[in-house]
Amino acid sequence: MHDRANTKSIQISSSKYLEVDRIDSASLTQKLFFEEYQKAGLPVVISGLLHETDWNLEYLCQALGDVEFPIRRYGWQRYEQDKRDWTSMGSSVESTVMSFTQYAKLLESGEAEEQDLYLGKCSIEHTPLIQKSGLDNVGMQLGLKKPVTTHNLWVGLAGHTTCLHYDTFDGTLMQLHGSKRLVLFPPSQLYNLYPFPLSAHLRHGLKVRSAYSQLYPDKPDIAAFPNFVKALQHRYEVILNQGDVLYIPASWWHEVTAIGHGMVCSVNRFWGIQPTSRALRSWSKWRAHFGSLVAFPHIIQNALTAGSSGKASGALSNLLQRL
Ligand SMILES: O=C(O)CCC(=O)C(=O)O
């Protein structure tokens, strides 16, 4: 396994953390979900809601075969760097488009392990995979009524980490093969988690995200990020096993690591925040939107440069993928 330690960092004990509620769908009504979790903006793991077959690699290959996806090339070297030196993250990481079958071969051959490849946040809306699934029922049973995205697929190998960030919408993360470990912090810890400054957008546009943390929560550089010790008292951790659904309210920080062995697969979907008062009160949400505005001059400049070199449509599709 690759050592992602920052040389200046200290090892934080992960033995103490808060527990995310866990509830069986048989004892969860829509009213209870709304009152206890959605309205309150609290995460919860729900079991017994997914009735899917095992989404193992063979099943995914059968359903997705020739469908093409951008596969992100994270590379392990990035985790040895200070995150403040990163110039891309999330969907702006360099990617290569290939069929799912080709990606499956890289997962099996060891190449995906070597290069930390990841299929992240790819819509499966018009694929046989979603058409034969019952994932639509998940939102319906929870009473979630306003999807803001389609279903997104996440497929990678155990060991891959999606770094600490928050989203501006509520999310449901559905675990379909293997397990994931999530480290979570509530929105109140925004500044103790040192998000990338809004000014980073001036230099890098949307290739960096102000909703990403500049620190590694398990190996933080305390000299550089001293207030992180305050956030530790609010650290939650949860293991998401196959068949579990995690409700992640907007603005909750989460770092997601695929654990165990071999391929790990999830699907997520984002939802409009209900009640609206929770959205209006969320400074983290406004801050992230404001960050996108700060990125605007950089985007326009790129579009103009691309337009004059005849690459406008490529630049536009890259931009849409990042939004
Ligand atoms: O599973 C992952 O790698 C990331 C998922 C995530 O960030 C989300 O569901 O919001």
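The shown structure was predicted, so the numbers you read here are calculated from the model rather than taken from an experiment.

1. Examining the overall build of the protein chain
Part 1: What the protein chain contains, in helices and strands, is 12 helices and 14 strands.
Part 2: Here the protein chain has a C-alpha radius of gyration of 19 Å; the compact-globule value for 323 residues is 20 Å, and the two agree.
Part 3: With the C-alpha coordinates aligned to their principal axes, the bounding extent of the protein chain is approximately 55 × 50 × 40 Å.
Part 4: Burial analysis of the protein chain (323 residues in total) assigns 38% to the buried set.
Part 5: Long-range pairs, those at least 24 residues apart, make up 84% of the contacts in the protein chain between residues at least 6 apart in sequence.

2. Describing the sheet that holds strand β12 (residues 245–248)
Part 1: Reading across from one edge, β2-β3-β12-β9-β14-β7-β6-β4-β5 is the order of the nine strands in this open sheet, with mixed pairing throughout. Every interior strand has two partners, whereas the edge strands, β2 (21–24) and β5 (95–99), have only one. Neighbouring strand axes in the sheet, compared pairwise and without regard to direction, differ in orientation by 25 degrees on average.
Part 2: Relative to β12, strand β3 (residues 44–47) runs antiparallel, the two being bridged by three bridges.

3. Side note on the site of the ligand
Part 1: Residues in contact with the ligand, as listed here, are W154, T162, D167, G171, L173, I248, H254, V256, S266 and N268.
Part 2: Residue assignment for the shell around the ligand shows that the elements contributing at least two residues are β9 (170–177), β13 (253–259) and β14 (263–271).
Part 3: Partitioning the shell around the ligand into residue classes produces four nonpolar, five polar and one charged.

4. Concerning the environment of V20
Part 1: Examined against the element boundaries, V20 turns out to sit in the loop between β1 (18–19) and β2.
Part 2: Between the C-alpha atoms of V20 and V238, which are 218 residues apart in sequence, the distance is 6.4 Å.
Part 3: Dropping the residues within four chain positions of it, V20 is found in contact with P43, V44, V45, L184, Y236 and V238.

5. A word on the confidence of the model for the protein chain
Part 1: Of the residues in the protein chain, 91% have a pLDDT of 70 or more, and the chain-wide mean is 91.
Part 2: In this model, residues 1–10 is a region of pLDDT below 50 whose contacts with residues beyond four sequence positions or in other chains number 16 contacts.
Part 3: Low pLDDT, under 50, characterises residues 319–323; the stretch is placed with five contacts to residues that sit more than four places away or in other chains.

6. Description of helix α1 (residues 30–38)
Part 1: Looking at α1, one finds that the buried residues are F33, Y37 and Q38. Here the buried residues of α1 occupy an arc of 70 degrees about the axis, which is enough to place them on one side. The exposed set on the far side of α1, more than 90 degrees from its buried face, consists of K31 and E35.

7. Some remarks on the sheet that holds strand β10 (residues 179–185)
Part 1: The strand order across the open sheet built from five strands is β1-β11-β10-β13-β8, with neighbouring strands paired in mixed fashion. What marks the edges here is a single partner per strand, and that holds for β1 and β8 (161–165).
Part 2: Two elements, β8 and β13, share three bridges in a ladder whose sense is antiparallel. What sits directly across from H165, in β13, is H254.

8. Looking at the nonpolar core
Part 1: If you look at the biggest cluster of nonpolar residues, it comprises 72 residues, and the most contacted ones within it are L119, L193, V245, L246 and C265.
Part 2: The greatest single-element share of this core, amounting to six residues, is contributed by β14.
Part 3: Those residues in contact with L119 that lie beyond four places of it in its chain are F69, I71, Y103, L153, W154, V155 and G156.

9. With respect to the environment of H234
Part 1: Within the secondary structure, H234 sits in the loop between α8 (228–231) and β11 (236–240).
Part 2: By C-beta crowding, H234 is classed as partly exposed, having 16 other C-beta atoms within 10 Å.
Part 3: A C-alpha to C-alpha distance of 7.0 Å links H234 and P186, two positions 48 residues apart in sequence.
Part 4: When neighbours within four sequence positions are excluded, H234 is seen to be in contact with F185, P186, S188 and Q189.

Definitions and cut-offs
Residues numbered from 1 in each chain as written. Predicted model: local features only at pLDDT ≥ 70, side-chain atom pairs only at ≥ 80, totals over all residues. Helix = DSSP H or I, 4+ residues; strand = E, 2+ residues; numbered from the N terminus. Rg over C-alpha atoms; globule rule 2.2 N^0.38 Å. Buried ≥ 20, exposed ≤ 12 C-beta atoms within 10 Å, placed from the backbone. Contact = placed C-beta atoms within 7 Å. Pairing = 2+ DSSP bridges. Axes fitted to C-alpha atoms, helices over the stretch in contact; angles between N-to-C directions. Near = placed C-beta within 6 Å. Nonpolar A, V, L, I, M, F, W, Y, C, P; charged D, E, K, R; others polar. pLDDT = per-residue confidence, 0-100. Arc of directions from axis to C-beta. Core = buried A, V, L, I, M, F, W, Y, C linked by C-beta atoms within 7 Å.

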